[in-house]
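Here is what each chain is made of, one letter per residue.
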Amino acid sequence: MTSAPLPPQTTSGTPATPPPAASSNPPDPTALGLPITDPELASRLADRLTVVDEALLEAVASADKLADGASRHLIDAGGKRFRPLLTLLTGELGDGAAPGVVGAAVVVELTQVASLYHDDVMDSAPVRRGAPAVHMVWGNSVAILVGDMLFARASARVAELGPEAVILQSRTFERMCLGQLHETMGPDDGTDRVEHYLQVLSDKTASLLSASARLGAMMAGAPAEHVEAVGAYGEKVGVAFQLADDVLDVASSGATSGKTPGTDLREHVPTMPVLLLRQRVESDEATDEDRDLLAALDGDLSSDEALSAVVERLRAHAVLAETRELAVRWARAAAAELAPLPDGPVKESLEQFAQVLADRAV
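Keep in mind it's a predicted model, so treat the numbers as computed, not measured. (Residues numbered from 1 in each chain as written. Predicted model: local features only at pLDDT ≥ 70, side-chain atom pairs only at ≥ 80, totals over all residues. Heavy atoms only, no water.)

Of the regular secondary structure elements, the protein holds 16 helices and 2 strands. Expressed as a percentage of its 362 residues, the buried residues of the protein come to 51%. For the protein, the computed accessible surface area is about 16100 Å², with 53% contributed by carbon and sulfur atoms. (Helix = DSSP H or I, 4+ residues; strand = E, 2+ residues; numbered from the N terminus. Buried < 20%, exposed > 50% of the residue type's maximum accessible area, 1.4 Å probe, protein only. Areas by Shrake-Rupley, 256 points an atom, 1.4 Å probe, with all protein chains shown as cover.)

Here is the structure:
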């Protein structure tokens, strides 16, 4: 049986054990979206994130009533603002107060929100960030057009950051489109499904995380070595994040994670455990249990009873442990990319986030 590709083994940069909590009262790390325990850094980033939120509202505002309401919809709904926070954090590797850092944070969040408008139409998702998806309120055509408009606003903003930022943004946008295209069409005949899935994750999800980290460091004037390090980190941590999410779709209780077990299974969305099972069934090592479980996963899971039954069976199968191992390996590989960074709260926060993802998958 062909095993899933793994990131290279490393001998350094393993995620650090989180240090004891600070004795003062820093902003809630969960609220910030990253495990930042240094109180001064957390306070500084929280203040700048407020500035980013204000700039986002300004960036999406429109004199046209329909465009204004639809554009503001997901911005007003909130979200963790993880990508702009990553930009602000890596900006601390240079001059975090440089005006281009906040501008870059606005660009990456505009890009993320615009992509969500399109994704929700393609996936027929009814809810996003706790609010009705835009297409549920205004229809598919409006959602697509407003998503395009937000991409245009992001392009205008990134143009203010210089040609290097424009090139990075355009290449990232292209990769996001390719990732969505390849996810929609699926792998070609003879293509390894697992490798195809990892490439989709890298293009569709990880590329924007990588760009978010790069832009912050670039706009802050950080050394090129540090820009490359955080970019590589973002690429790998993005894959780790989605693999951990694939584990949670099967293993979580729902009450603790906020994610209903088997959501992706019910919609027959390809996830790593199912792809590994499918790979196993196509090999000489397949058992009758493997084949029977895959048939059940490919069947009708509309009833809660059927879904619960396959979730329990998949939880007990070896492919879930294999997915956990993959998530941990990608998280550790991400942390290893941080070796060139100077020791300090920025590096510690990024390492700890990788550790959080590894722990999340276990």
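The rest of the description comes next.
With that out of the way, let us pick up the packing of helix α2 (residues 39-60) against helix α7 (residues 140-159). Their axes nearest at 10 Å, the elements α2 and α7 cross at an angle of 115°. For the pair α2 and α7, the sense of crossing is right-handed. Residues Ala55, Glu58, Ala59 and Val60 of α2 form the contact with α7, whose own contacting residues are Leu150, Arg153 and Arg157. Classifying every residue of the contact of α2 with α7 by side-chain character gives 4 nonpolar, no polar and 3 charged. (Axes fitted to C-alpha atoms, helices over the stretch in contact; angles between N-to-C directions. Left-handed = near helix turned anticlockwise from the far one by under 90°. Contact = heavy atoms within 4.5 Å. Nonpolar A, V, L, I, M, F, W, Y, C, P; charged D, E, K, R; others polar.)

Our next topic: helix α14 (residues 304-315). Over its 12 residues, α14 runs 16 Å from end to end, which matches the ideal 16 Å to within 8%, given 1.5 Å per residue. Here α14 has its buried residues at Leu307, Val310, Val311 and Leu314. The buried residues of α14 occupy an angular sector of 105° when projected down its axis, which confines them to one face. Elements in contact with the buried residues of α14: α10 (224-251), α11 (263-266), α12 (272-281), α13 (288-298) and α15 (318-336). (Expected span 1.5 Å × (residues − 1). Arc of directions from axis to C-beta.)

Another aspect to go through is a nonpolar patch on the surface. Nonpolar side chains collect at one region of the surface, where Leu178, Leu181 and Met185 lie side by side and expose about 300 Å² of accessible area between them. In this structure Met185 comes out as exposed when scored by relative accessible area, which is 63%. (Patch = residues over 30% accessible without salt bridge, like charges linked within 9 Å, V, L, I, M, F, W, Y side chains within 5 Å. Salt bridge = Lys/Arg side-chain N within 4 Å of Asp/Glu carboxyl O.)

A few words on the pattern of salt bridges. Tallied over the entire structure, the rule returns 18 salt bridges. Connected through salt bridges with shared partners, the residues Arg44, Arg48 and Glu92 form a single ionic network.

Here we come to the environment of Glu40. Structurally, Glu40 can be placed in helix α2. For the pair formed by Glu40 and Pro345, sequence separation is 305 residues and the distance between their alpha carbons is 9.7 Å.

Let's shift gears to helix α8 (residues 163-185). When the terminal C-alpha atoms of α8 are compared, their 33 Å separation across 23 residues agrees well with the 33 Å that a helix rising 1.5 Å per residue should span. Buried within α8 we find Ala165, Leu168, Gln169, Thr172, Met176, Gly179 and Gln180. Looking one or two residues beyond α8, the residue adopting positive phi is Gly186, at roughly 80°.

Following the sequence through the fold, Arg175 ends up in helix α8. Counting along the chain gives 32 residues from Arg175 to Ser207, while the straight-line C-alpha distance between them is 6.8 Å. Apart from the residues lying within four places of it in its own chain, the contact partners of Arg175 are Ser202, Asp203, Lys204, Ser207 and Glu235. Separated by 3.0 Å, the side chains of Arg175 and Ser202 make a polar contact. (Polar contact = N/O pair within 3.5 Å; in protein donor to acceptor, adjacent residues only side chain to side chain.)

In this section: the side chain of Gln242. Considering the arrangement of structural elements, one finds Gln242 in helix α10. Take Gln242: its relative accessible area is 18%, and that puts it in the buried class.

At a minimum axis distance of 9 Å, the contact between α12 and α15 shows a crossing angle of 125°. It follows from the interaxial angle that α12 and α15 lie oblique. In this structure, the crossing between α12 and α15 has a hand that is right-handed. Residue-level inspection shows Met272, Pro273, Leu276, Leu277 and Arg280 of α12 in contact with α15, the latter providing Ala318, Val319, Leu320, Glu322, Thr323 and Leu326. (Parallel < 35°, antiparallel > 145°, perpendicular 65-115°, else oblique.)

Our focus in this paragraph is the nonpolar core. One finds Leu243, Leu265 and Leu350 to be the most contacted residues of the largest nonpolar core, which totals 97 residues. Here the element with the most residues in this core is helix α9 (residues 193-219); it accounts for 13 residues. With residues near it in sequence (within four places) discarded, Leu243 still touches Tyr197, Leu198, Leu201, Met272, Thr323, Leu326, Ala327 and Trp330. (Core = buried A, V, L, I, M, F, W, Y, C linked by side-chain atoms within 4.5 Å.)

A separate point is unusual backbone geometry. At His268, a position not held by glycine, the phi torsion is positive, near 55°. Following the sequence through the fold, His268 ends up in the loop between α11 and α12.

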